[in-house]
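Given next are the chains, with one letter for each unit.
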Amino acid sequence: MKKLMKIIYIIILGSLFWSCQEDRVMPSETQENIEDPVEIEWASRMNFDKEIVGTDNTLQYKEWVLVGGDIDDPATIMAFNKETGTKDWTLTFDEVQGADIIYMHLYQNIIIARNAYQTFAIDLESRELIWQINFKEKNERLDKGLIASNNMYYQPSDLNFNPLGGHTQKLYEIDVFTGEYKEVYAQQPDAEGTKSISPPAIFTDQGSDIMIFNERPNAATSSPVTRQEIVAIDINTQNTIWRSKVTDKFASNGLHPPIIYDNRIVITGGDWHMYAFDIKTGDFLWKASISDDSPFSIFTKTNHLIHEDMLYVNENGENVTCINPETGAIIWNNPEGGANCTDNMIYYEKEDLLVFTSWGFGSIMVLDALTGETIHREHRYDNSSYNSDVVYDEELDMFFTSTYKHAIGFTVKRPK
(Lines give C-alpha, C1' and ligand atoms only; values in the text may rest on other atoms or scores of the structure.)
Protein backbone atom coordinates (compact mmCIF):
# COMPACT_ATOMS: atom_id res chain seq x y z
CA MET A 1 0.00 0.00 0.00
CA LYS A 2 1.27 3.39 -0.91
CA LYS A 3 2.12 5.75 1.87
CA LEU A 4 -0.20 8.56 2.78
CA MET A 5 0.23 11.71 0.76
CA LYS A 6 2.80 13.94 2.31
CA ILE A 7 3.32 17.62 1.64
CA ILE A 8 6.49 18.29 -0.26
CA TYR A 9 8.03 21.56 -1.21
CA ILE A 10 9.94 22.86 -4.21
CA ILE A 11 13.32 24.16 -3.06
CA ILE A 12 13.64 27.78 -4.09
CA LEU A 13 17.34 27.48 -4.72
CA GLY A 14 16.84 24.21 -6.57
CA SER A 15 16.83 25.82 -9.98
CA LEU A 16 20.36 27.02 -9.39
CA PHE A 17 21.42 23.69 -7.93
CA TRP A 18 19.91 21.58 -10.68
CA SER A 19 21.35 23.74 -13.45
CA CYS A 20 24.93 23.25 -12.37
CA GLN A 21 27.19 20.78 -14.10
CA GLU A 22 27.29 18.40 -11.13
CA ASP A 23 23.76 17.17 -11.79
CA ARG A 24 24.80 15.49 -15.03
CA VAL A 25 26.95 12.41 -14.62
CA MET A 26 28.72 11.78 -17.91
CA PRO A 27 29.52 8.14 -18.67
CA SER A 28 33.20 7.96 -19.50
CA GLU A 29 33.01 4.31 -20.47
CA THR A 30 30.44 5.00 -23.19
CA GLN A 31 32.37 7.98 -24.53
CA GLU A 32 35.55 5.95 -24.76
CA ASN A 33 33.91 3.11 -26.69
CA ILE A 34 33.16 4.63 -30.08
CA GLU A 35 31.83 1.27 -31.33
CA ASP A 36 28.97 1.32 -28.84
CA PRO A 37 25.76 2.09 -30.78
CA VAL A 38 24.25 3.90 -27.76
CA GLU A 39 25.81 7.14 -26.56
CA ILE A 40 24.52 8.65 -23.31
CA GLU A 41 24.46 12.39 -24.05
CA TRP A 42 23.38 13.42 -20.57
CA ALA A 43 22.13 11.85 -17.36
CA SER A 44 20.51 14.12 -14.76
CA ARG A 45 19.78 12.99 -11.23
CA MET A 46 16.06 13.38 -10.57
CA ASN A 47 16.39 13.59 -6.79
CA PHE A 48 19.67 13.53 -4.91
CA ASP A 49 17.97 12.33 -1.71
CA LYS A 50 16.34 9.17 -3.07
CA GLU A 51 15.60 7.02 -6.08
CA ILE A 52 12.34 7.58 -7.98
CA VAL A 53 9.76 4.85 -8.35
CA GLY A 54 7.69 6.75 -10.88
CA THR A 55 5.43 6.10 -13.86
CA ASP A 56 6.10 3.79 -16.78
CA ASN A 57 5.55 6.72 -19.12
CA THR A 58 8.07 9.22 -20.43
CA LEU A 59 6.64 12.21 -22.33
CA GLN A 60 8.11 15.09 -24.31
CA TYR A 61 6.77 18.58 -24.81
CA LYS A 62 8.55 21.32 -26.71
CA GLU A 63 12.14 21.50 -25.38
CA TRP A 64 11.52 19.23 -22.40
CA VAL A 65 11.38 15.57 -21.55
CA LEU A 66 8.85 14.92 -18.78
CA VAL A 67 9.03 12.25 -16.10
CA GLY A 68 6.77 11.52 -13.15
CA GLY A 69 7.58 11.82 -9.46
CA ASP A 70 8.12 9.16 -6.84
CA ILE A 71 5.51 6.71 -5.57
CA ASP A 72 5.58 8.55 -2.23
CA ASP A 73 5.14 12.01 -3.75
CA PRO A 74 2.02 14.00 -4.56
CA ALA A 75 1.22 14.20 -8.26
CA THR A 76 4.56 15.48 -9.62
CA ILE A 77 6.01 16.11 -13.08
CA MET A 78 9.66 17.03 -13.65
CA ALA A 79 10.86 18.70 -16.86
CA PHE A 80 14.42 18.25 -18.15
CA ASN A 81 15.88 20.25 -21.01
CA LYS A 82 16.33 17.90 -23.95
CA GLU A 83 19.64 19.36 -25.09
CA THR A 84 21.38 19.93 -21.76
CA GLY A 85 19.65 17.65 -19.26
CA THR A 86 19.08 20.57 -16.86
CA LYS A 87 16.02 20.22 -14.68
CA ASP A 88 14.15 23.36 -15.70
CA TRP A 89 10.98 23.08 -13.64
CA THR A 90 8.84 20.86 -11.43
CA LEU A 91 5.07 20.77 -11.06
CA THR A 92 3.53 19.43 -7.85
CA PHE A 93 -0.23 19.15 -7.28
CA ASP A 94 -1.03 18.59 -3.62
CA GLU A 95 -4.74 19.05 -4.33
CA VAL A 96 -4.91 15.77 -6.27
CA GLN A 97 -6.03 13.06 -3.85
CA GLY A 98 -4.40 9.66 -4.18
CA ALA A 99 -0.81 10.88 -4.46
CA ASP A 100 1.55 9.88 -7.26
CA ILE A 101 0.91 9.65 -10.99
CA ILE A 102 0.70 6.04 -12.12
CA TYR A 103 0.12 6.68 -15.85
CA MET A 104 0.24 9.84 -17.94
CA HIS A 105 -0.56 10.56 -21.59
CA LEU A 106 -0.05 13.67 -23.75
CA TYR A 107 -2.47 15.27 -26.21
CA GLN A 108 -1.37 18.61 -27.66
CA ASN A 109 -0.57 20.69 -24.55
CA ILE A 110 -2.62 18.57 -22.15
CA ILE A 111 -1.37 15.78 -19.93
CA ILE A 112 -4.03 13.31 -18.85
CA ALA A 113 -2.83 11.54 -15.73
CA ARG A 114 -4.26 9.16 -13.19
CA ASN A 115 -3.55 7.55 -9.87
CA ALA A 116 -5.57 4.77 -8.27
CA TYR A 117 -8.77 6.82 -7.89
CA GLN A 118 -8.46 10.11 -9.79
CA THR A 119 -8.15 11.08 -13.44
CA PHE A 120 -6.96 14.65 -13.96
CA ALA A 121 -5.62 17.01 -16.63
CA ILE A 122 -2.66 19.41 -16.57
CA ASP A 123 -2.25 22.26 -19.05
CA LEU A 124 1.46 22.45 -19.87
CA GLU A 125 1.15 26.02 -21.16
CA SER A 126 -0.34 27.45 -17.97
CA ARG A 127 1.18 24.61 -15.87
CA GLU A 128 -2.08 24.34 -13.99
CA LEU A 129 -4.49 21.59 -13.05
CA ILE A 130 -7.55 22.20 -15.24
CA TRP A 131 -9.89 19.40 -14.18
CA GLN A 132 -10.05 16.25 -12.08
CA ILE A 133 -12.55 13.43 -11.60
CA ASN A 134 -12.61 11.69 -8.24
CA PHE A 135 -13.72 8.13 -8.95
CA LYS A 136 -13.24 7.16 -5.31
CA GLU A 137 -16.34 9.20 -4.53
CA LYS A 138 -18.17 6.93 -6.99
CA ASN A 139 -16.70 3.88 -5.22
CA GLU A 140 -14.72 3.02 -8.33
CA ARG A 141 -11.13 1.89 -8.79
CA LEU A 142 -9.31 2.80 -12.00
CA ASP A 143 -7.65 0.57 -14.57
CA LYS A 144 -5.23 1.68 -17.31
CA GLY A 145 -6.67 4.16 -19.83
CA LEU A 146 -5.50 5.85 -23.01
CA ILE A 147 -6.06 8.71 -25.43
CA ALA A 148 -7.53 7.03 -28.51
CA SER A 149 -7.37 7.98 -32.18
CA ASN A 150 -10.62 10.01 -31.94
CA ASN A 151 -8.88 12.34 -29.46
CA MET A 152 -10.94 11.20 -26.49
CA TYR A 153 -9.61 9.64 -23.30
CA TYR A 154 -10.99 6.21 -22.39
CA GLN A 155 -10.92 5.17 -18.75
CA PRO A 156 -11.91 1.67 -17.56
CA SER A 157 -12.93 1.40 -13.91
CA ASP A 158 -14.22 -1.16 -11.42
CA LEU A 159 -17.36 -0.32 -9.46
CA ASN A 160 -17.32 -1.79 -5.93
CA PHE A 161 -13.95 -3.37 -6.62
CA ASN A 162 -13.28 -6.74 -5.02
CA PRO A 163 -10.01 -8.58 -5.75
CA LEU A 164 -11.95 -11.86 -5.56
CA GLY A 165 -14.47 -10.66 -8.13
CA GLY A 166 -18.06 -9.47 -8.06
CA HIS A 167 -17.52 -5.87 -9.19
CA THR A 168 -18.94 -4.15 -12.28
CA GLN A 169 -16.58 -3.16 -15.09
CA LYS A 170 -17.20 0.25 -16.66
CA LEU A 171 -15.68 2.29 -19.48
CA TYR A 172 -15.86 6.09 -19.59
CA GLU A 173 -15.22 8.44 -22.51
CA ILE A 174 -13.68 11.71 -21.24
CA ASP A 175 -13.18 14.97 -23.12
CA VAL A 176 -9.46 15.79 -22.87
CA PHE A 177 -9.99 19.55 -22.60
CA THR A 178 -13.05 19.82 -20.37
CA GLY A 179 -13.17 16.64 -18.31
CA GLU A 180 -16.79 16.05 -19.34
CA TYR A 181 -17.44 12.34 -19.40
CA LYS A 182 -20.03 9.70 -20.16
CA GLU A 183 -20.31 5.98 -19.59
CA VAL A 184 -20.03 4.10 -22.89
CA TYR A 185 -19.91 0.51 -21.64
CA ALA A 186 -20.68 -1.48 -18.51
CA GLN A 187 -20.73 -5.18 -17.67
CA GLN A 188 -22.08 -6.55 -14.42
CA PRO A 189 -20.85 -9.91 -13.12
CA ASP A 190 -23.00 -12.89 -14.06
CA ALA A 191 -22.98 -16.65 -13.63
CA GLU A 192 -19.74 -16.85 -15.61
CA GLY A 193 -17.98 -14.32 -13.42
CA THR A 194 -16.58 -10.80 -13.21
CA LYS A 195 -15.75 -9.03 -16.47
CA SER A 196 -12.59 -7.13 -17.31
CA ILE A 197 -11.83 -5.08 -20.42
CA SER A 198 -8.80 -3.50 -22.03
CA PRO A 199 -8.65 0.09 -23.26
CA PRO A 200 -10.24 0.31 -26.71
CA ALA A 201 -8.91 0.93 -30.19
CA ILE A 202 -11.17 3.25 -32.22
CA PHE A 203 -12.23 2.48 -35.79
CA THR A 204 -14.42 4.88 -37.79
CA ASP A 205 -16.84 3.17 -40.18
CA GLN A 206 -19.34 5.17 -42.25
CA GLY A 207 -19.18 8.07 -39.82
CA SER A 208 -19.62 5.95 -36.71
CA ASP A 209 -16.90 5.50 -34.08
CA ILE A 210 -16.49 1.84 -33.23
CA MET A 211 -14.53 0.83 -30.15
CA ILE A 212 -12.78 -2.55 -30.20
CA PHE A 213 -11.41 -4.03 -27.00
CA ASN A 214 -10.43 -7.27 -25.29
CA GLU A 215 -12.82 -8.64 -22.70
CA ARG A 216 -12.28 -11.38 -20.14
CA PRO A 217 -15.73 -12.84 -19.33
CA ASN A 218 -14.42 -14.73 -16.28
CA ALA A 219 -11.62 -12.44 -15.13
CA ALA A 220 -11.61 -13.61 -11.51
CA THR A 221 -11.15 -17.25 -12.52
CA SER A 222 -7.73 -18.74 -11.88
CA SER A 223 -5.46 -19.46 -14.84
CA PRO A 224 -5.19 -21.34 -17.14
CA VAL A 225 -8.92 -21.26 -17.89
CA THR A 226 -9.48 -17.50 -18.19
CA ARG A 227 -11.29 -16.79 -21.43
CA GLN A 228 -10.71 -13.86 -23.75
CA GLU A 229 -12.98 -12.33 -26.36
CA ILE A 230 -12.58 -9.35 -28.69
CA VAL A 231 -15.58 -7.06 -28.96
CA ALA A 232 -16.65 -4.25 -31.33
CA ILE A 233 -19.27 -1.77 -30.08
CA ASP A 234 -20.76 1.38 -31.62
CA ILE A 235 -19.91 4.16 -29.15
CA ASN A 236 -23.01 6.26 -29.81
CA THR A 237 -25.64 3.50 -29.85
CA GLN A 238 -23.71 1.12 -27.56
CA ASN A 239 -24.86 -1.72 -29.82
CA THR A 240 -22.56 -4.72 -30.11
CA ILE A 241 -21.47 -5.10 -33.75
CA TRP A 242 -19.57 -8.35 -33.29
CA ARG A 243 -17.98 -10.48 -30.60
CA SER A 244 -15.35 -13.15 -31.33
CA LYS A 245 -13.53 -15.68 -29.19
CA VAL A 246 -9.78 -15.16 -28.89
CA THR A 247 -8.86 -17.98 -26.50
CA ASP A 248 -10.30 -20.09 -23.70
CA LYS A 249 -6.89 -21.17 -22.42
CA PHE A 250 -5.26 -18.06 -21.01
CA ALA A 251 -6.58 -14.50 -21.36
CA SER A 252 -4.05 -11.75 -21.98
CA ASN A 253 -3.60 -8.31 -23.54
CA GLY A 254 -5.66 -6.63 -20.83
CA LEU A 255 -3.73 -3.35 -20.39
CA HIS A 256 -3.38 -2.32 -24.04
CA PRO A 257 -5.89 -2.06 -26.88
CA PRO A 258 -5.92 -4.33 -29.90
CA ILE A 259 -4.02 -2.84 -32.83
CA ILE A 260 -5.53 -1.94 -36.21
CA TYR A 261 -3.75 -2.65 -39.50
CA ASP A 262 -4.75 -0.92 -42.74
CA ASN A 263 -8.29 -0.27 -41.44
CA ARG A 264 -9.07 -3.89 -42.33
CA ILE A 265 -7.53 -6.11 -39.68
CA VAL A 266 -7.59 -5.92 -35.89
CA ILE A 267 -4.91 -7.88 -34.01
CA THR A 268 -4.55 -8.85 -30.37
CA GLY A 269 -2.48 -11.16 -28.17
CA GLY A 270 -3.75 -14.08 -26.13
CA ASP A 271 -2.26 -17.23 -24.54
CA TRP A 272 0.95 -17.78 -26.56
CA HIS A 273 -0.37 -16.48 -29.89
CA MET A 274 -1.26 -13.31 -31.76
CA TYR A 275 -4.76 -13.39 -33.27
CA ALA A 276 -6.20 -11.41 -36.19
CA PHE A 277 -9.83 -10.67 -37.09
CA ASP A 278 -11.71 -8.89 -39.87
CA ILE A 279 -12.38 -5.42 -38.47
CA LYS A 280 -15.94 -5.17 -39.82
CA THR A 281 -17.24 -8.69 -39.25
CA GLY A 282 -15.05 -10.12 -36.49
CA ASP A 283 -14.27 -13.17 -38.64
CA PHE A 284 -11.10 -14.97 -37.57
CA LEU A 285 -8.21 -14.52 -40.04
CA TRP A 286 -5.02 -16.00 -38.60
CA LYS A 287 -3.02 -16.77 -35.49
CA ALA A 288 0.76 -16.68 -35.01
CA SER A 289 2.61 -18.69 -32.37
CA ILE A 290 5.02 -16.58 -30.32
CA SER A 291 6.49 -19.05 -27.84
CA ASP A 292 5.82 -22.76 -28.21
CA ASP A 293 8.21 -23.67 -25.39
CA SER A 294 6.32 -21.55 -22.85
CA PRO A 295 2.92 -22.35 -21.28
CA PHE A 296 1.62 -18.91 -22.24
CA SER A 297 2.64 -15.41 -23.23
CA ILE A 298 1.26 -12.35 -21.42
CA PHE A 299 0.87 -9.29 -23.62
CA THR A 300 0.44 -6.70 -20.89
CA LYS A 301 3.60 -4.65 -20.56
CA THR A 302 4.32 -3.50 -24.13
CA ASN A 303 1.92 -2.10 -26.69
CA HIS A 304 2.08 -3.68 -30.12
CA LEU A 305 3.78 -1.64 -32.85
CA ILE A 306 2.80 -1.47 -36.52
CA HIS A 307 5.38 -0.04 -38.91
CA GLU A 308 4.42 -0.18 -42.57
CA ASP A 309 3.91 -3.88 -43.30
CA MET A 310 5.47 -5.24 -40.11
CA LEU A 311 3.99 -5.91 -36.66
CA TYR A 312 6.32 -5.95 -33.65
CA VAL A 313 5.19 -7.58 -30.41
CA ASN A 314 6.78 -8.33 -27.05
CA GLU A 315 5.27 -10.73 -24.54
CA ASN A 316 6.18 -10.45 -20.88
CA GLY A 317 8.91 -13.02 -21.32
CA GLU A 318 11.92 -12.20 -23.46
CA ASN A 319 10.47 -12.82 -26.93
CA VAL A 320 10.39 -9.89 -29.35
CA THR A 321 8.76 -10.99 -32.59
CA CYS A 322 8.17 -9.46 -36.02
CA ILE A 323 5.03 -10.67 -37.82
CA ASN A 324 3.46 -10.05 -41.21
CA PRO A 325 0.15 -8.44 -40.15
CA GLU A 326 -1.53 -9.52 -43.39
CA THR A 327 -0.88 -13.25 -43.05
CA GLY A 328 0.45 -13.90 -39.54
CA ALA A 329 3.73 -15.28 -40.92
CA ILE A 330 6.68 -14.92 -38.52
CA ILE A 331 9.36 -12.74 -40.10
CA TRP A 332 11.75 -13.13 -37.17
CA ASN A 333 11.77 -13.96 -33.48
CA ASN A 334 14.40 -12.95 -30.95
CA PRO A 335 13.87 -15.18 -27.88
CA GLU A 336 16.04 -12.85 -25.77
CA GLY A 337 14.91 -9.59 -27.32
CA GLY A 338 13.75 -7.99 -24.09
CA ALA A 339 11.97 -9.08 -20.93
CA ASN A 340 8.94 -7.01 -19.84
CA CYS A 341 9.57 -4.14 -22.23
CA THR A 342 7.97 -0.84 -21.29
CA ASP A 343 5.01 0.73 -23.08
CA ASN A 344 6.49 2.03 -26.31
CA MET A 345 8.78 0.48 -28.86
CA ILE A 346 10.26 3.11 -31.19
CA TYR A 347 10.93 2.28 -34.84
CA TYR A 348 14.02 4.34 -35.62
CA GLU A 349 13.56 4.90 -39.35
CA LYS A 350 16.94 6.55 -39.88
CA GLU A 351 18.74 3.30 -38.99
CA ASP A 352 15.94 0.67 -39.24
CA LEU A 353 16.30 -0.17 -35.55
CA LEU A 354 13.91 -0.92 -32.71
CA VAL A 355 14.75 1.18 -29.64
CA PHE A 356 13.08 0.59 -26.29
CA THR A 357 13.77 -0.25 -22.66
CA SER A 358 13.41 -3.66 -21.05
CA TRP A 359 12.18 -3.40 -17.48
CA GLY A 360 13.01 -7.07 -16.97
CA PHE A 361 16.59 -6.62 -18.11
CA GLY A 362 16.83 -3.07 -16.69
CA SER A 363 18.34 -2.14 -20.03
CA ILE A 364 18.20 0.06 -23.07
CA MET A 365 17.60 -2.34 -25.95
CA VAL A 366 18.45 -1.84 -29.61
CA LEU A 367 17.37 -4.50 -32.11
CA ASP A 368 17.81 -4.69 -35.86
CA ALA A 369 14.24 -4.12 -37.02
CA LEU A 370 14.80 -6.11 -40.21
CA THR A 371 16.49 -9.20 -38.77
CA GLY A 372 15.77 -9.14 -35.03
CA GLU A 373 19.46 -9.23 -34.09
CA THR A 374 20.27 -7.69 -30.71
CA ILE A 375 22.51 -4.70 -31.48
CA HIS A 376 22.78 -3.36 -27.93
CA ARG A 377 21.74 -4.29 -24.43
CA GLU A 378 22.94 -1.80 -21.84
CA HIS A 379 22.35 -3.10 -18.34
CA ARG A 380 21.75 -0.28 -15.88
CA TYR A 381 23.29 3.15 -15.57
CA ASP A 382 25.13 4.19 -12.40
CA ASN A 383 23.93 0.88 -10.93
CA SER A 384 20.27 1.80 -11.55
CA SER A 385 17.92 -0.05 -13.90
CA TYR A 386 16.10 1.59 -16.80
CA ASN A 387 12.44 1.51 -15.87
CA SER A 388 10.51 3.90 -18.12
CA ASP A 389 9.61 3.84 -21.78
CA VAL A 390 11.43 5.74 -24.53
CA VAL A 391 10.43 8.84 -26.51
CA TYR A 392 12.20 10.19 -29.59
CA ASP A 393 12.78 13.75 -30.83
CA GLU A 394 13.28 13.67 -34.61
CA GLU A 395 14.68 17.21 -34.84
CA LEU A 396 17.37 16.55 -32.23
CA ASP A 397 17.71 12.91 -33.30
CA MET A 398 17.75 11.97 -29.61
CA PHE A 399 15.98 9.45 -27.38
CA PHE A 400 14.90 10.00 -23.78
CA THR A 401 14.09 7.66 -20.89
CA SER A 402 14.89 7.28 -17.19
CA THR A 403 16.29 4.95 -14.56
CA TYR A 404 15.31 5.02 -10.90
CA LYS A 405 17.97 7.71 -10.42
CA HIS A 406 18.38 9.65 -13.66
CA ALA A 407 16.52 11.18 -16.55
CA ILE A 408 18.53 10.11 -19.60
CA GLY A 409 19.15 11.56 -23.06
CA PHE A 410 20.88 9.29 -25.58
CA THR A 411 21.62 8.84 -29.27
CA VAL A 412 21.78 5.66 -31.34
CA LYS A 413 23.86 4.73 -34.38
CA ARG A 414 23.87 1.45 -36.25
CA PRO A 415 27.34 -0.11 -35.85
CA LYS A 416 29.38 -0.38 -39.00
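Up top you'll find the structure we're talking about.
Please read all numbers here as calculations on a predicted model, not as lab measurements.

Undergrad: Teacher, can you tell me more about unusual backbone geometry here?
TA: Note: most residues except glycine have negative phi, and most peptide bonds are trans. One non-glycine residue, Arg 127, adopts positive backbone phi at about 55°. Turning to its location among the elements, Arg 127 is positioned in the loop between strand E8 (118-123) and strand E9 (128-134). Owing to a relative accessible area of 32%, Arg 127 belongs among the partly exposed residues under this scheme.

Undergrad: Help me understand the pairing of strand E5 (residues 87-93), please; the structure alone is not making it clear to me.
TA: Taken residue by residue, a regular strand's side chains alternate between the two faces of the sheet. Within E5, 5 of the 7 residues are buried, which leaves the element mostly enclosed by the surrounding structure. The antiparallel pairing of strand E4 (residues 75-81) with E5 creates a hairpin that spans 5 residues between the two strands, and Gly 85 there sits at a positive phi of about 85°.

Undergrad: I would appreciate a short explanation of the nonpolar core in the present structure.
TA: Considering soluble globular proteins, one finds that nonpolar side chains tend to be buried as a cluster. In this structure, Leu 66 and Ile 111 are the most contacted members of the largest nonpolar core, which totals 18 residues. Those elements giving two or more residues to this core turn out to be strand E2 (59-61), strand E3 (64-68), E4, E5, strand E7 (110-114) and E8. Apart from residues lying up to four places away in sequence, Ile 111 is in contact with Leu 59, Leu 66, Ile 77, Met 104, His 105, Leu 106, Phe 120, Ala 121, Ile 122 and Leu 124. Core analysis: the next-biggest nonpolar cluster, separate from the first, contains 17 residues, Ile 364, Val 390, Ile 408 and Phe 410 among them.

Undergrad: Help me out: how do you make sense of the sheet that holds E4 in this one?
TA: The pairing of strands in a sheet happens through backbone hydrogen bonds and is either parallel or antiparallel. Here 4 strands make up an open sheet; going across it, the order is E2-E3-E4-E5 and the pairing antiparallel. Edge positions in the sheet fall to E2 and E5, since each has one partner strand and no second. Taken pair by pair, the neighbouring strands of this sheet meet at an average axis angle of 25°, ignoring direction. As paired strands, E3 and E4 are joined by 5 bridges and run antiparallel to one another. In the strand pairing of E4, Val 67 is matched with Met 78.

Undergrad: How should I be thinking about the sheet that holds strand E24 (residues 305-307) in this particular structure?
TA: Read from one edge of the open sheet, 4 strands run E24-E25-E26-E27, paired in antiparallel fashion. Each edge of the open sheet is held by one strand with a lone partner, namely E24 and strand E27 (330-334). The sheet shows a mean angle of 15° between the axes of neighbouring strands, direction not considered.

Undergrad: I'm lost on the packing of aromatic side chains in this one. Help?
TA: Within a pair of aromatic rings, the relevant descriptors are the distance that separates the centres and the angle that separates the planes. Per the stated rule, a full pass over the model turns up 14 aromatic pairs. Aromatic side chains Tyr 107 and Phe 177 sit 5.8 Å apart centroid to centroid with 70° between the ring planes, which places their arrangement in the edge-to-face category. Here Tyr 107 is found in strand E6 (residues 103-107), whereas its partner Phe 177 is found in the loop between strand E13 (168-175) and strand E14 (181-187), with 70 residues between them in sequence. When its relative accessible area of 16% is taken as the criterion, Tyr 107 is described as buried. Using a relative accessible area of 41% as the deciding quantity, one classes Phe 177 as partly exposed. Taken together, a centroid distance of 5.0 Å and an interplanar angle of 85° make the contact between Tyr 348 and Phe 399 edge-to-face. Note that Tyr 348 is positioned in strand E28 (residues 346-348) and Phe 399 in strand E33 (residues 398-402), a separation of 51 residues in sequence. An aromatic cluster is present here, built from Tyr 348, Tyr 392, Phe 399 and Phe 410 joined pairwise through their rings.

Each value, and the rule that gives it
Residues numbered from 1 in each chain as written. Predicted model: local features only at pLDDT ≥ 70, side-chain atom pairs only at ≥ 80, totals over all residues. Heavy atoms only, no water. Helix = DSSP H or I, 4+ residues; strand = E, 2+ residues; numbered from the N terminus. Buried < 20%, exposed > 50% of the residue type's maximum accessible area, 1.4 Å probe, protein only. Pairing = 2+ DSSP bridges. Core = buried A, V, L, I, M, F, W, Y, C linked by side-chain atoms within 4.5 Å. Contact = heavy atoms within 4.5 Å. Axes fitted to C-alpha atoms, helices over the stretch in contact; angles between N-to-C directions. Phe/Tyr/Trp six-rings, centres within 6.5 Å; stacked < 30°, edge-to-face > 60°.

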